Amino acid sequence: MIEEITNQYDPQKIEKKVHDFWAEVEAYSKVREHRKGGKKFFFVDGPPYTTGHIHLGTAWNKIIKDSILRYRSMCGHDMIDRAGWDMHGLPIEVKVEEALGFTSKKDIESYGVGNFIEKCKEFALMQKDDMTGQFQMLGAWLDWKDPYMTLKDEYIEAAWWTLKQAQEKKLLEQGKRVVNWCPRCETAIADSEVEYEDRADPSIFVKFKIKDVEDTFVVIWTTTPWTIPSNVAVAVHPSFEYAKVKAVDADGKEETLIIASDLVENVLRKGRYVDYEILSTMLGEDLTSLSYESPLADKVPEQAAMEHGIYLADYVTAENTGCVHIAPGHGMDDFDVGKKHGLPIFCPVGSDGRYTEQAGEYAGMHIREANKVVIEDLNERGNLLSEATINHRYGHCWRCKTPIIYLATEQWFIKIGELKEEMLSEIAKVKWYPEWAGSARFKDWVEGARDWCVSRQRYWGIPIPVWKCNNCGKMHVVGTKTELQEMSGITDDIELHRPYVDEVLLDCECGGKMKRVEDVFDVWFDSAVASWATLRFPQQQEEFDKWWPADFITEGQDQTRGWFYSQLGASMVAFGKAPYKSVLMHGFTLDGEGRKMSKSLGNVIAPGDVIDEFGADSLRSFVLSASAPWDDLKFAKDELKNIHRTLNILWNVYRFPLPYMVLDNFDPSQVSFESVKPYLRKEDRWILSRAQSLVALVDDAMAKCTLHRALRAINEFVLEDLSRWYIQLIRPRTWVEADDPDKLAVYRVLYDVFVLTAKVIAPFMPHLAEEMYQNLVRNVYPDAPVTIHMTDWPLVDESLVDKDLETHMEMVRSIVESASNARQKVGRKLRWPVSRIVLTPVNQQATDAVTNLKSVLMDQTNSKDIVLTGIDESWDELGFEANPDPGAIGPVFKGDAGKVIGALKKANAVQLKKTLALEGQFELEIPGGTVTIKPEMVNFIETLPEMVASAQSTAGIIYVDATLNREIESEGFTREVIRRVQDMRKELNLAVDDSIRSHIQINDERVLDLVLDREQFIAKETRANVQVIGLDVDTSGSLEKDWDVEGISMSIGITKAN
RNA sequence: GGGCCCGUAGCUUAGCUCGGUGGAGCGCACGGCUGAUAACCGUGAGGCCAUGAGUUCGAAUCUCAUCGGGCCCA
């Protein structure tokens, strides 16, 4: 049987209880099991990195996923929803290094790679467990028991298999490329791992002496002086104009400089030259015959041996000097220029950021110290034109924040560039939410796709499965563990991580031994294969065939360049098609000020703190409703409180009828909906219809991924339809003591609406929904599904939908609100009846609404009568004045509209209205002529009679006639008295059915007379079995109070009667 | 510097597709209700719709530019 709930909404208690319950009955697995064989829905969880703690953004992410999956499940989908964990990579290495007090790769090598890997694994697994608990606190249902983990062998094999596909399709390449390099981590890092931040660097202008020409220099600009020892060439734009300038310094010394013409003044100002003269101008393409000398030839032997020429490049911009320093070993564009012209790829910097022997006298120096030294050397040699500091955006390693450098190194690449066109055509087939995430943003990113450097020179990652023969150099890519075992002859299990896998040697055809290359994969390659790794492919083909590609994924906008991209790239390599069918790109979480949340700003919100204060359901409802999924989410605590209040109201609404139902032994299994149907009132049919409309709206929102609309609709239903309206309307019916069919009808309707509401909120507020369900459904029908999340999503029952009724009620509500407004204007509170309310309806619907729902209207407005005029017909007790409508006037009179409006306002309203009504038009004089006014161009504002106030409602203008008469005054004062006695009863903490003795003294003969008209009524309402009302009454009692009622003084004394 | 998104009341936002006197909620002030009561309801004040220009009789809405915020890139 349904149980009464007496407590306030206590989310912590409810959620704890529900979590325990879910665990006890194994709700999650039962629900998934229940849907086996249903419509397939393959969801891939974007694996969070195992940092150890979730933040608001990751919480939001999982809440979106959970809500969508719960909805899908209720809609009958059989789903795959393994949670995922991204567990390899530098961040964990860095954490472990910190814990062990390491600062470089050498420390790791001496500690032992095997030991280090074990620590990393341990660390990742521990963090995973911590985070799982945190996600579960949110109520997020994913397959937590069997998640996919990038450190598992089965997962590693998916990556290996994928690389083998790349090799077989000739998309894998090893070669020297310029990569982003972190000199601390001593590894290449992906473009997507570079984080741009402001940084101060030197900004120097350097003069390179032109060979065989006296005192003539080409001027370049750079922010990386340490790359000057690696300079090989200068690039100019073929079609820019360059000038040879005779420049004179403060000492009168003259020299000739080559600079882009437009930039001469700027450069000379920097070099503090006092005078100059343009000797000649030429195009960039005319400069290529020149060659120059390295200013550091005496320090770097290779520089002395090298030819330095001037080359053409289209990417040169007209900034700084228009001549660009080219160091092919230290820049991507530089590298391209070098390759094109067959220049040496000179890179005298080692992986640790120190110059190598090739750097001559600089050898051993760290590039961070080198800037100063190089600048000094250039200055000494007279090659430094100017030196300053610049603040600019510079790339940093996003894990350890070290400024990156560019190094030409041997790396492994996947030739994504070749797949670009296919990728673009694939993303057009994917359904993107919102549409622009794919058509604009992602497309833009893919168009700029470059080859993907997948190798890293680290330890904790998926080893790159390439074995190379130390004899003949032959290469072999291993695709699976089995293949490795077969080829190596090892029958025992092989741990696929470093350093174990490194020890596995393969026999080469040439008789030599093949050894694995040392690199590991970029972690983005790990997560890139998630969609098939989660299906345990390549170990299992069948599941893959059945499910792949994913039906749906959703991640933050940063993943455009990240997971959306890496998955697409890997999938194109492996299968030639996109790995997902639909993608929801969600926003970022910002703090209350709209700044991003970051540790350094100290504005990070921990989801756990929010849950402790408001509960997970409030947090969920907040993040889902506060903004569209793809917009950024501002965390506003006030809004969270607001949402929490809404849940509290839902709780109160749900709680309200329970005591009555329990008292009456209401058993929904014995009172069918059919049996109460004849007794349904209009408002009952209305709330049933509203509930159906809510389901339809939520369905529509879910189809469009506009979760915020779903949540807002739910909140509005709870607040407006249930709490503020339906509950108010039906309250008196629940107080009826007899076994009244009218009351049973209300119980049944409330019951159905509550159960439906619980189902509708289930995907979003799963705990509260479960709590309601267990009481309302499981306590009544023990055979019902064990959890609400196993029930079917409600199908819209068209037989309950009555759109006209909904519209009518909306109009009635608007009229009631307006009546409140008008009452306030005329100074008549609701407790006092008014003699009549007059409505001028705007249309037939408004007329019908009033006719249809007159009793509701009279009841809620406390009005003795509702009077309708004809549609748009003025109430005949009114005066009026003209109000022009610019919307109708503008299109007709265009430039004269202002004059017409002005003239209309001044016109005689009575005559205007009459003429328009009779003739359908009015000739209006305006400055400079006469115009024809049509009825639609002007409205009329009424002026009101005495004691009448008006207000606009959507149904039309209403007039509240607050004229008093004896009956109204009697009722008003009577209710004032009752209200005060009730107030005192409450103060005495009396039970609802306790009786009292009351003594009421009213110090006004007229008012006393009015109140005495209803003496019996007062006694009944206040449960007084002794009641004395008079001019001079002894009001002593348990509680005694003096009151001022509308200026009349009263004394009331009450005592509990036994 | 480029791409995409966002900017509406003190705060959080609807409206923008398809132009016609800008709607809510919170907070504030005032009032109401009193068998959901540590709850609930009404009214009011509060908006150069980020700024500037353009198109138009008319722009929060369309166009362009600028400023500010976010994500991504150079």
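Rules and cut-offs
- Residues numbered from 1 in each chain as written.
- Chains lettered and ligands numbered in written order.
- Predicted model: local features only at pLDDT ≥ 70, side-chain atom pairs only at ≥ 80, totals over all residues.
- Heavy atoms only, no water.
- Helix = DSSP H or I, 4+ residues; strand = E, 2+ residues; numbered from the N terminus.
- Rg over C-alpha atoms; globule rule 2.2 N^0.38 Å.
- Buried < 20%, exposed > 50% of the residue type's maximum accessible area, 1.4 Å probe, protein only.
- Contact = heavy atoms within 4.5 Å.
- Areas by Shrake-Rupley, 256 points an atom, 1.4 Å probe, with all protein chains shown as cover.
- Pairing = 2+ DSSP bridges.
- Axes fitted to C-alpha atoms, helices over the stretch in contact; angles between N-to-C directions.
- Near = heavy atom within 4 Å.
- Polar contact = N/O pair within 3.5 Å; in protein donor to acceptor, adjacent residues only side chain to side chain.
- Nonpolar A, V, L, I, M, F, W, Y, C, P; charged D, E, K, R; others polar.
- Core = buried A, V, L, I, M, F, W, Y, C linked by side-chain atoms within 4.5 Å.
- Domains from an automatic or database assignment.
- Salt bridge = Lys/Arg side-chain N within 4 Å of Asp/Glu carboxyl O.
- Lys, Arg positive; Asp, Glu negative; His and termini not counted.
- Parallel < 35°, antiparallel > 145°, perpendicular 65-115°, else oblique.
- Left-handed = near helix turned anticlockwise from the far one by under 90°.
- Arc of directions from axis to C-beta.

On to the overall build of chain A. For chain A, the count of helices and strands is 36 helices and 41 strands. On C-alpha atoms alone, chain A measures out to a radius of gyration of 40 Å, which is more than a quarter above the 31 Å that the 2.2 N^0.38 rule sets for 1058 residues. Counting all 1058 residues of chain A, 58% fall into the buried class. Of the contacts formed within chain A by residues at least 6 apart in sequence, a portion of 77% connects residues at least 24 apart. Approximately 44,900 Å² of chain A is accessible, and the part contributed by carbon and sulfur atoms is 48%.

Quick look at the environment of Ile-367 now. Inspection of the secondary structure puts Ile-367 in helix α11 (residues 367-380). Put simply, Ile-367 and Pro-183 are 184 residues apart on the chain and 9.4 Å apart in space, counted from C-alpha to C-alpha. Setting aside chain neighbours within four positions, we find Ile-367 in contact with Trp-226, Val-349, Gly-353, Tyr-355 and Ile-405.

So, on to the sheet that holds strand β17 (residues 405-414). The four strands lie next to each other as β6-β5-β17-β19, forming an open sheet whose pairing is antiparallel. In this open sheet, the two edge strands, each paired with only one partner strand, are β6 (187-189) and β19 (452-453). As paired strands, β17 and β19 are joined by two bridges and run antiparallel to one another. Each residue of the ladder has a partner; that of Phe-413, found in β19, is Cys-453. Its contacts with the sheet put helix α10 (residues 332-341) on β5 (172-182) and β17, and the angle it makes with β5 is roughly 140°.

In the vicinity of RNA strand B lie 58 residues, with Arg-441, Arg-561, Arg-724, Arg-731 and Val-992 positioned nearest. A share of 70% is what sugar and phosphate atoms reach among the atoms of RNA strand B within 4 Å of the protein. Note that a sugar or linking oxygen of RNA strand B is positioned 3.4 Å from one of the side-chain N or O atoms of Asp-444. Here Asp-632 contributes a side-chain N or O atom positioned 2.7 Å from a sugar or linking oxygen of RNA strand B. Examining the composition of the surface near RNA strand B, we find that eight residues originate from one element, helix α25 (residues 707-735), more than from any other. Here the residues of the surface near RNA strand B are counted per class, giving 18 nonpolar, 14 polar and 26 charged.

This part takes up the nonpolar core. The biggest cluster of nonpolar side chains holds 159 residues, and the ones touching the most others in it are Val-698, Phe-764, Leu-776 and Ile-958. With 14 residues, α25 is the largest single contributor of residues to this core. If near-sequence neighbours (up to four positions away) are discounted, Val-698 is found in contact with Ala-710, Ile-714, Val-760, Phe-764 and Trp-793. Grouped together as the second largest cluster of nonpolar side chains are 73 residues, Val-44, Phe-442, Leu-506 and Val-517 included.

Our focus in this paragraph is the domain arrangement of chain A. Split by domain assignment, chain A resolves into domain 1 (35-161 + 524-586), domain 2 (202-392), domain 3 (469-514), domain 4 (617-791), domain 5 (809-961) and domain 6 (970-1057). Between domain 2 and domain 5, the C-alpha centre-to-centre distance is 81 Å.

On to the environment of Phe-123. Within the secondary structure, Phe-123 sits in helix α6 (residues 113-137). Along the backbone, Phe-123 and Thr-256 are 133 residues apart, and their C-alpha atoms lie at a distance of 62 Å. Other than its neighbours up to four places away in sequence, Phe-123 contacts Ile-92, Lys-95 and Val-96.

Here the structure, examined in full by the defined rule, presents 72 salt bridges. The salt bridge involving Asp-20 is made with Lys-16; its shortest N-O contact spans 2.6 Å. With Asp-20 and Lys-16 both in helix α1 (residues 11-25) and four residues apart, the pair spans about one turn of that helix. A residue is classified by how much of its surface remains accessible, and Asp-20, at 40% relative accessible area, is partly exposed.

The next thing to look at is the side chain of Asp-519. When you line up the elements, Asp-519 lands in the loop between β24 (513-516) and β25 (520-521). No salt bridge is formed by the buried Asp-519. Its closest oppositely charged neighbour is Arg-498, at 6.7 Å. Engagement of the side chain of Asp-519 in a polar contact is seen with the side chain of Gln-457, the distance being 3.3 Å.

Moving on, we come to the packing of helix α13 (residues 435-447) against helix α18 (residues 563-575). Running from N to C, α13 and α18 point in directions that differ by 55°, and their axes come no closer than 11 Å. Compared by their axis directions, α13 and α18 come out oblique. Here α13 runs over α18; the crossing is right-handed. Residue-level inspection shows Phe-442, Trp-445 and Val-446 of α13 in contact with α18, the latter providing Phe-564, Tyr-565 and Leu-568. In terms of residue class, the contact of α13 with α18 is made up of six nonpolar, no polar and no charged.

In this section: the sheet that holds strand β18 (residues 431-433). Strand order in the open sheet made by the three strands is β18-β27-β26, with parallel pairing throughout. The sheet is open, and its two edges are formed by β18 and β26 (553-556), each paired on a single side. With direction set aside, neighbouring strand axes in the sheet form an average angle of 20°. Summarising the sheet, β18 and strand β27 (residues 582-586) pair through three bridges and their orientation is parallel. Considered in β27, the bridge of Trp-432 is made with Val-583.

On to the environment of Phe-413. Mapped onto the secondary structure, Phe-413 falls in strand β17. Look at Phe-413 and you get buried, because its relative accessible area is 4%. Here the alpha-carbon distance between Phe-413 and Asp-451, two residues 38 residues apart in the chain, equals 6.3 Å. In contact with Phe-413, other than residues within four places in its own chain, are Leu-171, Leu-172, Glu-173, Gly-175, Arg-177, Val-179, Asp-451, Trp-452 and Cys-453.

Moving on to helix α2 (residues 27-34). Within the sequence span of α2, burial applies to Ala-27, Tyr-28, Val-31 and Arg-32. Looking straight down α2, one finds that the buried residues subtend no more than 125° of arc, so they occupy a single side.

Pairing of β5 with β17 involves 10 bridges; the strand directions are antiparallel. Directly across from Gly-175, in β17, lies its bridge partner Gln-411. As paired strands, β5 and β6 are joined by three bridges and run antiparallel to one another. Note on β6: the bridge partner recorded for Asn-180 is Ile-189. In textbook terms, the turn of a hairpin is the stretch between consecutive antiparallel strands, and for β5 and β6 this stretch comprises four residues, one of which, Glu-186, has a positive phi near 55°.

So, about unusual backbone geometry. Most peptide bonds take the trans form, and the phi angle of most residues other than glycine is negative. Of note, the bond from Phe-537 into Pro-538 is cis; its omega dihedral lies within 30 degrees of zero at 10°. If you trace the backbone, Pro-538 turns up in the loop between α16 (530-533) and α17 (541-547). In this structure, Pro-549 follows Trp-548 across a cis peptide bond, with omega equal to 0°. With respect to the secondary-structure elements, Pro-549 resides in the loop between α17 and β26. Notably, Asp-212 is not glycine yet its phi reads approximately 65°, a positive angle. Topologically, Asp-212 is positioned in the loop between β7 (194-210) and β8 (216-222). Exposure remark for Asp-212: the relative accessible area of 78% places this residue in the exposed category.

Moving on to the packing of helix α7 (residues 153-168) against α18. Between α7 and α18, the shortest axis-to-axis distance is 8 Å and the interhelical angle comes to 65°. Here α7 and α18 pass one another in a crossing that is left-handed. Each of Trp-161, Thr-162, Gln-165 and Ala-166 in α7 lies in contact with α18, whose residues at this interface are Ala-570, Val-573, Ala-574 and Phe-575. Tallied by class, residues from the contact of α7 with α18 come to six nonpolar, two polar and no charged.

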